[in-house]
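Chain and residue survey
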Amino acid sequence: MGDKILIVGGAGYIGSHVALAFGDLGAQVTVFDNLSTGQEINLLKGHRFIKGDLLNPADLDKVFKESYNGVVHLAALKAAGESMTQPEAYAKQNLVGSLNLLERIAQSGAKLIFSSTAAVYGTPVRLPMDETHPVEPINFYGYTKLQIEGYMGWYHQLRGLEYAALRYFNAAGYDAQDRIPGLERNPQNLIPLVMEVAKGIRAKLLIYGDDYETVDGTGVRDYIHVSDLARAHVAAYQKLKERLGPITVNLGTGRGYSVLEVVRLTEEISGKPVAYEIVGRREGDPPKVFASSAKAKDLMGWEAKESSLRSMLETTWNLYKKL
C-alpha cells in the first residue's frame, strides 16, 4: 500500500488490531495515543508512536507536522453506563477532542475513518438493524458518537471532508496469530468478564435477566471479531480513495449469541467452570440486538469472515490462560 496512515487511539484494543491490518498491507503507520486505556505493549515494530492527547493543541501540532493519506479515529471514552454518570468527561473527551481532530484533518485533506457504534440506534424497533433504523441513543456515549457523525457530515459539506462512519456492534476476540499481547483494561463487555470468571479473577458473572423471549431466556447480542472490524477500516479507506462521498455502514454479523451460549462455550474451550448469578433485568436492555451489514458488503466488499463464536472465544482465551 505505502500510504501514510495515522491511527488515533492505535494502542487500544481495537486500534492495535486496526494498526496491524494496515501494517500488514505495507502502510506507513503512525499511532497517536494518550495511553489512558491503550498500552505500549500493543505498539507494533516498525510503527511510529507519538504520545499525546486530542485535548492538547501542542500534541496535535506535533503529530500533524507530517501529512497523512488517511486518519482512523478511535480515541474515545466508551463505557455506556459511566457516560450517564460522568457526561462532562464524555463531552470533553469525545466531542471536544473529536472537533479538535476534525479541524486538523479538514486542513490536511486526509480521508477519515471514524469508529462509531451501534449505540447510536438505541433500543431496536426492528431487527435486523440496518442503517435506516431510527437513531435515538439511550445513553450519553451513543449520543456523543451520533453528534460526531453529524459534525463529519457538516465538515464534508463545508470543507470537503471525505469520511466513513463505521457503526460497530460488539467487538470480541484477538489476533489469531497472537500478535496483540495486551488485554483490554477494565473491560465492561460480556466476553472478557466471562473470561475473568473462568480464570478465577472474578468470582462470578452477573446475568441481567433470564426471562427474555430468546433461545434460553438471556439477552442476545451480535458479536464481531476484532480482526474483521480491522479489515473493515482498510476496506473503508480504500473505498474513500475512489471519492464516492461519505460512507456510513454497520459492522456486525447479522446473527446473535445469548449470554448463556457464551458462558457454555467458554466452559468448553477453557475447561473451567463459569459461575454466574441471575439478577434483575437492566433498564433499557433489549432482548435481542443484531445487525444487517448488507450495505458494507455492497459498498465496500466487506463481510465478517472470522466471527464464529468459537473463534472469538478461543482467541480471547489464548491470552487469558497466560495470566
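Residues numbered from 1 in each chain as written. Predicted model: local features only at pLDDT ≥ 70, side-chain atom pairs only at ≥ 80, totals over all residues. Heavy atoms only, no water.

**Quick look at helix α6 (residues 190-199)**
Counted residue by residue, α6 has 9 buried out of 10 residues, so it is predominantly covered. Taken as a whole, α6 has its buried residues at Leu190, Ile191, Pro192, Leu193, Val194, Met195, Glu196, Val197 and Ala198. Close packing links the buried residues of α6 with β7 (170-172), β8 (205-208), β10 (223-225), α8 (259-270) and α10 (309-320). A positive phi of about 90 degrees marks Gly200, the residue just after α6. (Buried < 20%, exposed > 50% of the residue type's maximum accessible area, 1.4 Å probe, protein only. Helix = DSSP H or I, 4+ residues; strand = E, 2+ residues; numbered from the N terminus. Contact = heavy atoms within 4.5 Å.)

**Regarding the UniProt feature "domain: NAD-dependent epimerase/dehydratase" (unreviewed entry) in the chain**
UniProt records the feature "domain: NAD-dependent epimerase/dehydratase" (unreviewed entry) for residues 5-252 in the present numbering. Taken end to end, residues 5-252 is 37% helix and 19% strand, and its two terminal C-alpha atoms sit 24 Å from one another. (UniProt positions renumbered as here; feature names shortened; annotations may be inferred.)

**Comments concerning the sheet that holds strand β4 (residues 70-73)**
Pairing within the open sheet is parallel, and its 7 strands lie in the order β3-β2-β1-β4-β5-β6-β11. Bordering the open sheet on either side are β3 (48-51) and β11 (247-251), each of which pairs with just one other strand. The average angle at which neighbouring strand axes cross in this sheet is 20 degrees, direction not considered. Here 4 bridges tie β4 to strand β5 (residues 111-117), and the two strands are oriented parallel to one another. Bridge pairing in β5 links Val72 to Ile113. Sheet contacts for helix α1 (residues 13-24): β1 (4-8), β2 (28-33), β4 and β6 (163-168); angle to β1, the most-contacted strand, approximately 170 degrees. Of the strands in this sheet, β5, β6 and β11 touch helix α5 (residues 140-159), which is tilted by about 155 degrees from β5. (Pairing = 2+ DSSP bridges. Axes fitted to C-alpha atoms, helices over the stretch in contact; angles between N-to-C directions.)

**Some words on the packing of aromatic side chains**
The final tally for this structure, using the stated rule, is 4 aromatic pairs. Here Phe22 and Tyr237 contribute two aromatic rings whose centre-to-centre distance is 6.0 Å and whose plane-to-plane angle is 65 degrees, an arrangement assigned as edge-to-face. Remark: Tyr237 occurs in helix α7 (residues 226-240) and Phe22 occurs in helix α1; sequence separation between them is 215 residues. The pair formed by Phe22 and Tyr237 is uniform in burial state, with each residue classed as buried. (Phe/Tyr/Trp six-rings, centres within 6.5 Å; stacked < 30°, edge-to-face > 60°.)

**Focus: the domain arrangement of the chain**
Note: interface size is frequently given as the accessible area lost on complex formation between the parts. Parsing the chain into structural domains produces domain 1 (4-172 + 224-251) and domain 2 (190-222 + 254-291 + 306-321). Using C-alpha coordinates to define each centre, domain 1 is positioned 27 Å away from domain 2. Between domain 1 and domain 2, the residue contacts involve 14 residues of the former and 14 residues of the latter. Roughly 1200 Å² of surface becomes buried between domain 1 and domain 2 when both sides are summed, with 64% attributable to carbon and sulfur atoms. Taken together, domain 1 and domain 2 are joined by 0 salt bridges. Of all the secondary-structure elements, those providing two or more residues to the side of domain 1 that touches domain 2 are β7, β10 and α7. A per-class count over the side of domain 1 that touches domain 2 returns 8 nonpolar, 5 polar and 1 charged. (Domains from an automatic or database assignment. Buried area = accessible area lost by both parts, 1.4 Å probe. Salt bridge = Lys/Arg side-chain N within 4 Å of Asp/Glu carboxyl O. Nonpolar A, V, L, I, M, F, W, Y, C, P; charged D, E, K, R; others polar.)

**Considerations on the pairing of β2**
The element β2 is extensively covered by neighbouring structure, given that 5 of its 6 residues are classed as buried. Pairing of β1 with β2, which is carried by 5 bridges, proceeds in the parallel orientation. Bridge pairing in β2 links Leu6 to Thr30. For the crossover from β1 across α1 to β2, the handedness is right-handed. Two elements, β2 and β3, share 4 bridges in a ladder whose sense is parallel. What sits directly across from Asp33, in β3, is Lys51. (Right-handed = clockwise from strand over helix to strand, strands pointing away.)

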